[in-house]
Amino acid sequence: MTMIRMTGIRRGTLPMAVLAVLAAGCGTQRSGDAADAYRKSHPTPTGISTPSTPADFACPGESAPPTPTATASVTPAPGDHYAENHGFMVPFELHGKHRCDGLAAIKRVKSVLEPLRKRGDFTPEGTLSALTGLGYPAGKTRSYQDGSGVGFLIEADAWPVCVEGTMNSTATRADAFGGYPDHTGCETPSGGH
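Residues numbered from 1 in each chain as written. Predicted model: local features only at pLDDT ≥ 70, side-chain atom pairs only at ≥ 80, totals over all residues. Heavy atoms only, no water.

Peer 1: Can you help me understand the pattern of salt bridges in this one?
Peer 2: Once the charged atoms of two side chains with opposite charge are near each other, the side chains can pair. As enumerated under the stated definition, the model contains seven salt bridges in all. One salt bridge in this structure joins Glu155 and Lys140, with 3.6 Å as the shortest N-O distance. With Glu155 in strand E2 (residues 149–157) and Lys140 in the loop between helix H5 (124–133) and strand E1 (141–146), this pair connects stretches of sequence that are 15 residues apart. We classify Lys140 as partly exposed; its relative accessible area is 41%. Between Asp175 and Arg173 there is a salt bridge whose closest N-O contact spans 2.5 Å. The partly exposed category is assigned to Asp175, whose relative accessible area is 41%. In this structure, a network of salt bridges that share partners links the residues Asp56, Glu62 and Arg99. (Salt bridge = Lys/Arg side-chain N within 4 Å of Asp/Glu carboxyl O. Helix = DSSP H or I, 4+ residues; strand = E, 2+ residues; numbered from the N terminus. Buried < 20%, exposed > 50% of the residue type's maximum accessible area, 1.4 Å probe, protein only.)

Below is the structure:
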């Protein structure tokens, strides 16, 4: 019997001793300890580094480089995570050489679609034929009916440089972008992460 009581005491003593040791060490720091020595040899940075905006330069055909656009800072309502949850659908901007590639692709696309627009040929088949005639592969080029006009999406190169736009009776519009976060290719992602 004595042995059983001692085992019960020992079982209760070990967790209490561990808890006491852990509690005694929490939150204490003495100068001269290893952590203090580490901090002295590896100082904390004075500022938080932020990624810099890539520099853009004038592309062929431009008179001056673009002026950087200020991004609007909107503070969402508490509990509103719409922007956070839909960030995967915001395309990447093109910078540097890729921006120039995108502008050149837009110019080529508009030059081949403008005659179609003037003739009133707003068929997805005619648009696809004109775009693949520029050398864009059919598997990376898509055209579709968009109201009274035609919409199109091209993966112009593998980086990717994507060209997206519409053509209708009033204008041919095209924009270039660099794909989407967490997604390959130029198609707008349908689901988040």
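Peer 1: What is the right way to look at the packing of helix H4 (residues 96–119) against H5 in this model?
Peer 2: Two quantities define a packed helix pair, namely the angle between the helix axes and the distance between the axes. Interaxial distance between H4 and H5 falls to 10 Å at its minimum, and their mutual angle equals 145°. Like other packed secondary-structure pairs, H4 and H5 cross with a definite hand, here right-handed. Along the contact surface, H4 presents Val109, Val112, Leu113 and Leu116, while H5 presents Gly126, Thr127, Ala130 and Leu131. (Axes fitted to C-alpha atoms, helices over the stretch in contact; angles between N-to-C directions. Left-handed = near helix turned anticlockwise from the far one by under 90°. Contact = heavy atoms within 4.5 Å.)

Peer 1: Would you mind showing me how to read the sheet that holds E1 here?
Peer 2: Hydrogen bonds between backbone atoms are what pair the strands of a sheet, whose relative direction is either parallel or antiparallel. Ordered in space as E1-E2-E3-E4, the four strands form an open sheet in which the pairing is antiparallel. Every other strand in the sheet has two partners, leaving E1 and strand E4 (172–177) as the edge strands with one partner each. Each strand axis lies, on average, 15° off the axis of its neighbour in the sheet, ignoring direction. Pairing analysis gives seven bridges linking E2 to strand E3 (residues 161–167), with the strands arranged antiparallel. (Pairing = 2+ DSSP bridges.)

Peer 1: It is not clear to me how the pairing of E3 should be interpreted in this structure. Could you clarify?
Peer 2: Remark: a regular strand shows side chains that alternate across the two faces of the sheet. Counting buried positions over the seven residues of E3 gives six, a clear majority of the element. Between the end of E2 and the start of E3, which pair antiparallel, lie three residues. Examined bridge by bridge, E3 and E4 share six bridges and lie antiparallel to one another. Within E4, the residue paired with Thr166 across the bridge is Arg173. Hairpin connection from E3 to E4: four residues lie between these consecutive antiparallel strands.

Peer 1: Would you mind going over the nonpolar core with me for this structure?
Peer 2: The nonpolar side chains of a soluble globular protein tend to be buried with one another. Counting residues in each nonpolar core, the largest one holds 15 residues, and the members touching the most others are Val109, Leu113, Leu131, Phe152, Ile154 and Val163. No other element matches H4, which puts five residues into this core. When residues no more than four places from it in sequence are discounted, the contact partners of Leu113 are Thr127, Ala130, Leu131, Phe152, Met167 and Thr172. Counting five residues, the second largest nonpolar core, distinct from the first, contains Leu153, Cys162, Tyr180 and Cys186. (Core = buried A, V, L, I, M, F, W, Y, C linked by side-chain atoms within 4.5 Å.)

Peer 1: How do you make sense of the state of the cysteines when you look at a structure like this?
Peer 2: Such a bond, covalent and formed between the sulfur atoms of two cysteines, is termed a disulfide. Here the structure, examined in full by the defined rule, presents two disulfides. Taken N- to C-terminal, the disulfide-bonded cysteines of the protein chain are connected 1-2, 3-4. (Disulfide = S-S within 2.5 Å.)

Peer 1: Can you help me understand the side chain of Thr127 in this one?
Peer 2: Within the secondary structure layout, Thr127 lies in helix H5. Here Thr123 takes part through its backbone oxygen, which lies 3.0 Å from a polar atom of the side chain of Thr127. In this structure Thr127 touches Leu113, Leu116, Ser143, Val150, Phe152 and Met167, once residues within four positions along its chain are discounted. (Polar contact = N/O pair within 3.5 Å; in protein donor to acceptor, adjacent residues only side chain to side chain.)

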